[in-house]
Amino acid sequence: MSIADNLAAVEQRIVHACDRAGRKRAEVTLVAVSKTFPAERIEEAIAAGVTHIGENRVQEASAKKPQVRGAARWHLIGHLQSNKARDAVRLFDMIETVDSIELAQKIARASDAAQDVLLQVNIGEEPQKSGIVPGDLKEAVRQIGGIGNLRLLGMMAIPPVGTPDDGRKHCRRLREIRDQIGLPELSMGMSEDFEIAIEEGSTMVRIGRAIFGPRG
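A brief structural summary.

Criteria and cut-off values
- Residues numbered from 1 in each chain as written.
- Predicted model: local features only at pLDDT ≥ 70, side-chain atom pairs only at ≥ 80, totals over all residues.
- Heavy atoms only, no water.
- Helix = DSSP H or I, 4+ residues; strand = E, 2+ residues; numbered from the N terminus.
- Rg over C-alpha atoms; globule rule 2.2 N^0.38 Å.
- Buried < 20%, exposed > 50% of the residue type's maximum accessible area, 1.4 Å probe, protein only.
- Contact = heavy atoms within 4.5 Å.
- Salt bridge = Lys/Arg side-chain N within 4 Å of Asp/Glu carboxyl O.

### Examining the overall build of the protein
Part 1 of the argument: Scanning the protein for helices and strands turns up nine helices and eight strands.
Part 2 of the argument: Rg of the C-alpha trace for the protein: 17 Å, near the compact-globule value of 17 Å for 216 residues, within the 12% margin.
Part 3 of the argument: For the C-alpha atoms alone, the extent of the protein along its principal axes is close to 45 × 40 × 30 Å.
Part 4 of the argument: Counting only residues that meet the buried cut, the protein has 50% of its 216 residues in that class.

Structure representation (structure tokens):
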């Protein structure tokens, strides 16, 4: 199947998930994750209607983005090393993986204008994962929300691998935390679980394989 066909199938699944949750399709942003795929595949996705592109690595995006002529908002969805903050703000419209106050400060110092960011939350409190644990979120939001040159819009998470019920539990918990804090955006859900994430309140889903096909 072509990217256009895959995208149409994903769109239909998003619409059905929104219907089940009593939500409007416009409430959910689709971020097409293009890591490992070449620029021409990104061009094909944009031509098919994709408006948000997600990349995992600053270096890979730096090589590909200049080759992409189509217009899209670019999201960094992988870990950001602090020494690449300046490159990241040059390349990405949104950095979804701010996992510490120190990193937020470095991004702000590297930015010439307000940079859109999300806080990465370690919702499963897994020691091997980056992110702010739920108990530290309110203080992190208070401090990062006061940093100039940053626009803190919400949170993102990669829930622990488990059953669909486990994933739903973690998505619901993060949405409840987000609602308590009062931020608009919630990035959770990937190719395997985006429908559950939408049903539990996600406003951004990061989908790669279901759009671009198997990775090379």
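Structure shown, so let's carry the discussion forward.
### A closer look at the environment of leucine 174
Part 1 of the argument: Turning to its location among the elements, leucine 174 is positioned in helix α7 (residues 164-181).
Part 2 of the argument: Among the residues examined, leucine 174 registers a relative accessible area of 0% and is labelled buried.
Part 3 of the argument: With 111 residues separating them in the primary sequence, leucine 174 and alanine 63 have C-alpha atoms 34 Å apart.
Part 4 of the argument: Discounting residues that sit within four places of it in the chain, leucine 174 has contacts with Val121, Ile123, Met155, Met156, Ala157, Leu186 and Met188.

### What to know about the pattern of salt bridges
Part 1 of the argument: Per the stated rule, a full pass over the model turns up 20 salt bridges.
Part 2 of the argument: Of the charged contacts in the structure, one is a salt bridge between arginine 90 and aspartate 87, with a shortest N-O distance of 3.5 Å. Linking arginine 90 with aspartate 87, this pair stays in helix α4 (residues 85-91), spanning three residues, or about one helical turn.
Part 3 of the argument: One salt bridge connects glutamate 126 with lysine 129, and the closest N-O pair in it is separated by 2.9 Å.
Part 4 of the argument: Overlapping salt bridges bring together Arg20, Arg168, Arg172, Arg175, Glu199 and Glu200 as one network.

### A look at the environment of leucine 103
Part 1 of the argument: Assignment of secondary structure puts leucine 103 in helix α5 (residues 101-110).
Part 2 of the argument: Considering only alpha carbons, one finds leucine 103 and lysine 35, 68 residues apart in sequence, at a separation of 23 Å.
Part 3 of the argument: Residues in contact with leucine 103, not counting those within four places in the same chain, are Leu80, Ser82, Thr97 and Val98.

Purely geometric numbers; function is a separate question.
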